[in-house]
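# Breakdown of the fold
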Amino acid sequence: MVDYKKMYIVLCAAADEAISALEQSSLPAYVIADNLRFALLKAEEIYTDCNSGDEAAEAIK
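Below, the structure is looked at part by part. (Residues numbered from 1 in each chain as written. Predicted model: local features only at pLDDT ≥ 70, side-chain atom pairs only at ≥ 80, totals over all residues. Heavy atoms only, no water.)

Turning next to the overall build of the chain. Helix and strand counts for the chain stand at three helices and zero strands. In the chain, the order of α-helices and β-strands from amino to carboxyl end is α-α-α. Taking all 61 residues of the chain together, the buried fraction comes to 20%. Here the contacts in the chain between residues at least 6 apart in sequence split such that 59% fall between residues at least 24 apart. A total of about 4800 Å² of accessible surface is found on the chain, and carbon and sulfur atoms cover 60% of it. (Helix = DSSP H or I, 4+ residues; strand = E, 2+ residues; numbered from the N terminus. Buried < 20%, exposed > 50% of the residue type's maximum accessible area, 1.4 Å probe, protein only. Contact = heavy atoms within 4.5 Å. Areas by Shrake-Rupley, 256 points an atom, 1.4 Å probe, with all protein chains shown as cover.)

What follows is the structure, encoded as structure tokens:
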């Protein structure tokens with residue numbers, strides 16, 4: 001079963017960090033973008049680890 005809570009935590013934490021960094025201008029934009037991209041990949045990994053083959057394809061529909 002997909003762990004949506006874990007995916008949500010990964011993505012929300014990255015979004016929160018990105019917003020804070022943008023507000024403070026503490027990091028270059030490319031670093032913020034890389035952090036968000038990493039979080040998306042991590043969420044995708046969580047999703048695909050929990051679903052395989054037809055289950056993953058069906059869940060996308």
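Looking now at the nonpolar core. Counting five residues, the largest nonpolar core consists of V2, M7, A43, I46 and Y47. If near-sequence neighbours (up to four positions away) are discounted, M7 is found in contact with V2, A43, I46 and Y47. (Core = buried A, V, L, I, M, F, W, Y, C linked by side-chain atoms within 4.5 Å.)

Before going further, it helps to examine the pattern of salt bridges. Under the definition given, this model contains two salt bridges. With its nearest N and O atoms 2.9 Å apart, the salt bridge here joins R37 to D34. In this pair, R37 and D34 both sit in helix α2 (residues 29-50), three residues apart, roughly one turn of the helix. Between K42 and E45 there is a salt bridge; the shortest N-O distance is 3.5 Å. Linking K42 with E45, this pair stays in helix α2, spanning three residues, or about one helical turn. We classify K42 as partly exposed; its relative accessible area is 29%. (Salt bridge = Lys/Arg side-chain N within 4 Å of Asp/Glu carboxyl O.)

Let us now look at α2. In this model, α2 (22 residues) spans 32 Å end to end at C-alpha, consistent with the 32 Å of a helix rising 1.5 Å per residue. Among the residues of α2, I32, A39, A43, I46 and Y47 are the ones counted as buried. For α2, the arc enclosing every buried residue in end-on projection is 100°, short of the 170-degree limit, so these residues lie on one face. In α2, the exposed positions angled more than 90 degrees off the buried face are occupied by Y30, F38 and D49. (Expected span 1.5 Å × (residues − 1). Arc of directions from axis to C-beta.)

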